[in-house]
Amino acid sequence: MDRIAVFPGSFNPFTIGHRSIVERALPLFDRIIIALGFNESKSSATGMAERDRRVEVIRNVFIGEPKIEVESYSGLTVDFARSHGASFILRGVRDVSDFEAERKLADINREISGIETVLLVALPELGYVSSSMVRELGNNGYDVSPYLP
Ligand code: ADP
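In this report, we go over the structure that sits alongside the text. As the structure is a prediction and not an experimental result, all values here were calculated from the model.

### Thoughts on the site of the ligand
In the vicinity of the ligand there are 16 residues, among which Ser-10, Phe-11, Gly-92, Leu-126 and Val-129 approach most closely. Between Phe-11 and the ligand, the recorded distance is 2.9 Å, taken from a backbone N or O atom to an oxygen atom. At 2.6 Å from an oxygen atom of the ligand is found a main-chain nitrogen or oxygen belonging to Gly-92. Among the secondary structure elements, those contributing two or more residues to the shell around the ligand are strand E1 (4–9), helix H1 (16–25), strand E4 (88–93) and helix H4 (96–113). Within the shell around the ligand, the residues separate by chemical class into seven nonpolar, five polar and four charged.

### Topic: the pattern of salt bridges
The tally for this structure, following the rule as stated, stands at eleven salt bridges. A salt bridge links Arg-51 to Asp-52; the nearest nitrogen and oxygen atoms lie 3.0 Å apart. Taking relative accessible area as the criterion, Asp-52 reaches 40% and is therefore assigned partly exposed. Glu-100 is the partner of Arg-103 in a salt bridge, and the nearest nitrogen-oxygen pair spans 3.1 Å. One end of the pair, Arg-103, and the other, Glu-100, are both in helix H4, three residues apart, so they sit about a helical turn from each other.

### Quick word on the sheet that holds E1
Read across the open sheet, the five strands follow the order E3-E2-E1-E4-E5; overall the sheet is parallel. Bordering the open sheet on either side are strand E3 (68–73) and strand E5 (116–121), each of which pairs with just one other strand. In this sheet, adjacent strand axes meet at a mean angle of 30° when their direction is disregarded. Note that strand E2 (residues 31–37) and E3 share six bridges and pair parallel. Looking across to E3, one finds that Leu-36 is bridged to Ser-72.

### Some words on the environment of Ser-20
Among the secondary structure elements, Ser-20 is positioned in helix H1. The exposure class assigned to Ser-20 is buried, which follows from its relative accessible area of 9%. It is 9.9 Å that separates the C-alpha atoms of Ser-20 and Leu-120, two residues lying 100 residues apart in sequence. When neighbours within four sequence positions are excluded, Ser-20 is seen to be in contact with Leu-123 and Leu-126.

Rules and cut-offs
Residues numbered from 1 in each chain as written. Predicted model: local features only at pLDDT ≥ 70, side-chain atom pairs only at ≥ 80, totals over all residues. Heavy atoms only, no water. Near = heavy atom within 4 Å. Polar contact = N/O pair within 3.5 Å; in protein donor to acceptor, adjacent residues only side chain to side chain. Helix = DSSP H or I, 4+ residues; strand = E, 2+ residues; numbered from the N terminus. Nonpolar A, V, L, I, M, F, W, Y, C, P; charged D, E, K, R; others polar. Salt bridge = Lys/Arg side-chain N within 4 Å of Asp/Glu carboxyl O. Buried < 20%, exposed > 50% of the residue type's maximum accessible area, 1.4 Å probe, protein only. Pairing = 2+ DSSP bridges. Axes fitted to C-alpha atoms, helices over the stretch in contact; angles between N-to-C directions. Contact = heavy atoms within 4.5 Å.

Written out as structure tokens, the structure reads:
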């Protein structure tokens, strides 16, 4: 049976921290589905176009890597995972606040679905990289290319 993991996130934007988690998880799984979560109730035509653009950007990062797929989803991550035959959720942890949040998510997701969460600890040199930091710098005219794959 294939070992399939879903790597869910907002990926707004997808950073070198996210890429690192996916690359390091590749030996652990037969397939990794990067799943860009979006809120269906808030989606507008521009929102959908933006979502599709972000999916395309992530696909381009992993072009030529047959184990990786990129999709968007709304609703619960465990429902998306089950509908794709995935038994694992992959997440990254940078610090204790990530850990506290991830532990709660992992517990509830295991309880409602039996799906196990695999946490990879961020590389020391990438532990400070976050999507919100990249957005903040970008909105203020700084070059964010060092943080984007
Ligand atoms: P969410 O909004 O679901 O937290 P994010 O896109 O912010 O989604 O992050 C997706 C996952 O990637 C989370 O598990 C987060 O902890 C992890 N992550 C984000 N940045 C890094 C990084 N620099 N190193 C390792 N993991 C990271």
